Amino acid sequence: MPLQKPWNDLDRETVSSAPDRPGVYELGDADGTVHSVDHGVLRDELKTALAYGDAERVRWSEAHTLERARELAEEHRDRLE
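Since the structure is predicted, the reported quantities are computational estimates derived from the model, not experimental observations.

A. Layout of the nonpolar core. In terms of nonpolar packing, the biggest core is built from eleven residues, these being Leu10, Val15, Ala18, Tyr25, Leu27, Leu42, Leu46, Ala49, Ala55, Val58 and Trp60. Put simply, the parts of the chain that give this core at least two residues each are strand S2 (22-28), helix H2 (42-52) and strand S4 (57-62). For this core, the leading source of residues is H2, giving three residues. Those residues in contact with Val15 that lie beyond four places of it in its chain are Leu10, Arg43, Leu46, Lys47 and Leu50.

Listed below in structure tokens is the structure:
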């Protein structure tokens, strides 16, 4: 099951508005197809994704700790399979 959040374009404005907190995120294409799910400090992770051109769109959900973000990402990947 995908995150229940709206997609945002993966651009500099979105990256700068991302929280500097742990979370889980999805990277997708223009059609909204999820290509990857990962976790980490959201702003840092999205900077990297933008620099490498990993996706066109992104959505995320914050977590209280990096450990919880990792758990959420694993659960999320399991549901997508």
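What follows continues from the structure just given.
B. Molecular detail of the confidence of the model for the protein. On average, the protein scores 94 in pLDDT, and the residues at 70 or more come to 99%. Element-level pLDDT for the protein is lowest in helix H3 (residues 66-80), with a mean of 93, against a maximum mean of 98 in helix H1 (residues 12-17).

C. Structural context of H2. The set of residues buried in H2 consists of Leu42, Leu46 and Ala49. Each buried residue of H2 sits inside an arc of 60° when the element is viewed along its axis, so together they form one side. Turned more than 90 degrees off the buried face of H2, the exposed positions are Ala51 and Tyr52. Its buried side turned inward, H2 meets H1, S2, strand S3 (34-41) and S4. Looking at the residues trailing H2, positive phi occurs at Gly53, about 65°.

Cut-off values and rules
- Residues numbered from 1 in each chain as written.
- Predicted model: local features only at pLDDT ≥ 70, side-chain atom pairs only at ≥ 80, totals over all residues.
- Heavy atoms only, no water.
- Core = buried A, V, L, I, M, F, W, Y, C linked by side-chain atoms within 4.5 Å.
- Buried < 20%, exposed > 50% of the residue type's maximum accessible area, 1.4 Å probe, protein only.
- Helix = DSSP H or I, 4+ residues; strand = E, 2+ residues; numbered from the N terminus.
- Contact = heavy atoms within 4.5 Å.
- pLDDT = per-residue confidence, 0-100.
- Arc of directions from axis to C-beta.

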